[in-house]
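# Observations on chain architecture
Listed here are the chains, written in short residue letters.
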Amino acid sequence: MAIEKKEIIIREIQQWKQSRLLPGEYCDFLLALYSQGEGIDEPAKPYMSLKLVILLFCDILMLPLTYLVINFTEFPDRLQIFLAIIFLLISFALYRVFSKIDVIKIPVAKLITLGMSLLITIELAQLLTKNHWVTAIVISLQLAGWLITGYKQKDKYLFGAGMIGTIMIIYYVVI
């Protein structure tokens, strides 16, 4: 077989392995077969740089900061919501950055962004209506969206967060 064809096949098998189209063992076998046992230089695994650690730490701090701004400041309600939305936009931007990097296996940035959106939704529901039942219904709808999205995308963390939130809202309504 021509060398160019072998290189093309090896690159394709590496892409299959990276995108998990085939199990790793099969890809390793095919790579050994086509490289004739010589082995392939695998790309270096991504690592967590100091910049990513700092960005992740800042993103994690956004959630308690949003909670503090909403619940423990004497700012007018509109300013509190505005600041919380600014923090949500920053967190969403950091989520977009982290979603392109395969280093972090747990979607921390996604859960933080969703938690912040839940805090803002609760605050808006309480500002617009003083009825606790309406707030509980709004929260339940958002958590149901998490459950459905987590189930459809097979995202166990999002599904788990929706399930925990649903259990907590049921506990809040019952007791």
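Details of the structure are given in the entry above.
Everything quoted here is computed from the prediction, not taken from an experiment. (Residues numbered from 1 in each chain as written. Predicted model: local features only at pLDDT ≥ 70, side-chain atom pairs only at ≥ 80, totals over all residues. Heavy atoms only, no water.)

### Comments concerning the overall build of the protein
To keep it simple, the criterion reads: The way it works is that DSSP assigns letters per residue, a run of H or I at least four long becomes a helix, a run of E at least two long becomes a strand, and they are numbered from the N terminus. In this description the radius of gyration comes from C-alpha coordinates, and the expected globular size is given by 2.2 Å times residues to the power 0.38.
The number of helices and strands found in the protein is seven helices and zero strands. Each helix (α) and strand (β) of the protein, taken in turn from the N terminus, gives the series α-α-α-α-α-α-α. Taken over the C-alpha trace, the protein has a radius of gyration of 23 Å; the compact-globule value for 175 residues is 16 Å, which it surpasses by more than 25%. In terms of principal-axis extent, the alpha carbons of the protein reach across some 75 × 35 × 20 Å.

### A word on the environment of Met116
Position of Met116 among the secondary structure elements: in helix 5 (residues 108-128). When the C-alpha atoms of Met116 and Phe87 are compared, they prove to be 8.2 Å apart, with 29 residues separating the residues in sequence.

### Examining the pattern of salt bridges
Quick note on the threshold: The term salt bridge refers to a pairing of a side-chain nitrogen on Lys or Arg with a carboxyl oxygen on Asp or Glu at a separation within 4 Å. For each residue, the accessible area found with a 1.4 Å probe, counting protein chains only, is set against the maximum for its type, and the residue is called buried under 20%, exposed over 50%, and partly exposed in between.
The tally for this structure, following the rule as stated, stands at two salt bridges. For Lys17, the salt bridge goes to Asp28, with nearest N and O atoms at 2.5 Å. Note that Lys17 is positioned in helix 1 (residues 3-19) and Asp28 in helix 2 (residues 24-34), a separation of eleven residues in sequence. Close ionic contact of Asp155 with Lys110 constitutes a salt bridge, the shortest N to O distance being 2.7 Å. Here Asp155, found in the loop between helix 6 (132-152) and helix 7 (156-174), pairs with Lys110, found in helix 5; they are 45 residues apart in sequence, far enough to count as distant. Like Asp155, the residue Lys110 is buried in the burial classification.

### Re helix 5
The test is simple: Residue count minus one, scaled by 1.5 Å, sets the expected span of a helix. Whether two residues are in contact is decided by their heavy atoms: any pair within 4.5 Å suffices.
Taking 1.5 Å per residue, 21 residues should reach 30 Å; helix 5 reaches 30 Å between its end C-alpha atoms and fits that length. Buried within helix 5 we find Ala109, Lys110, Ile112, Thr113, Gly115, Met116, Ser117, Leu118, Ile120, Glu123 and Ala125. Check the buried side of helix 5 and you find it contacts helix 3 (50-71), helix 4 (77-99) and helix 6.

### Examining the nonpolar core
Within soluble globular proteins, side chains that are nonpolar generally end up buried alongside one another. Here is the rule: Residues belong to one nonpolar core when they are buried, are Ala, Val, Leu, Ile, Met, Phe, Trp, Tyr or Cys, and are joined through side-chain atoms within 4.5 Å.
Counting residues in each nonpolar core, the largest one holds nine residues, listed as Met62, Val69, Ile70, Ala84, Phe87, Leu88, Ile112, Met116 and Ile120. Only helix 3, helix 4 and helix 5 provide two or more residues apiece to this core. Counting seven residues, the second largest nonpolar core, distinct from the first, contains Leu118, Leu143, Trp146 and Leu158.

### A word on the packing of aromatic side chains
Applied cut-off: For this analysis, a ring pair means two rings from Phe, Tyr or Trp (six-membered ring only for Trp) whose centres lie within 6.5 Å, classed as stacked if their planes differ by under 30 degrees, edge-to-face if by over 60, and tilted for the remaining angles.
Following the criterion strictly, the structure yields two aromatic pairs and no others. Residues Tyr67 and Phe72 carry aromatic rings whose centres are separated by 5.9 Å and whose planes lie at 70° to one another, so their mutual orientation is edge-to-face. Tyr67 gets classed as partly exposed once you look at its relative accessible area, which sits at 38%. For Phe72, a relative accessible area of 57% gives the class exposed.

### Let's talk about the packing of helix 1 against helix 2
Put simply, the rule is: Axis definition: a line fitted to C-alpha atoms, over the contacting stretch in the case of helices. Angles run 0 to 180 degrees between N-to-C directions. Roughly parallel here means an angle under 35 degrees, roughly antiparallel means over 145, roughly perpendicular means 65 to 115, and every remaining angle is called oblique. Working rule for handedness: look at the near helix, and if it is turned counterclockwise from the far one by less than a right angle, call the crossing left-handed; if clockwise, right-handed. Residues are grouped as follows: Ala, Val, Leu, Ile, Met, Phe, Trp, Tyr, Cys and Pro are nonpolar; Asp, Glu, Lys and Arg are charged; every other residue, Gly included, is polar.
The contact between helix 1 and helix 2 brings their axes to 9 Å, and the two run at 170°. Overall, the two elements helix 1 and helix 2 adopt an arrangement that is roughly antiparallel. As helix 1 packs across helix 2, the resulting crossing turns out to be left-handed. Contacts between helix 1 and helix 2 involve Lys6, Ile9, Ile10, Ile13, Gln14, Trp16 and Lys17 on the former and, on the latter, Gly24, Cys27, Asp28, Leu30, Leu31 and Tyr34. Among the residues forming the contact of helix 1 with helix 2, the class breakdown is eight nonpolar, two polar and three charged.

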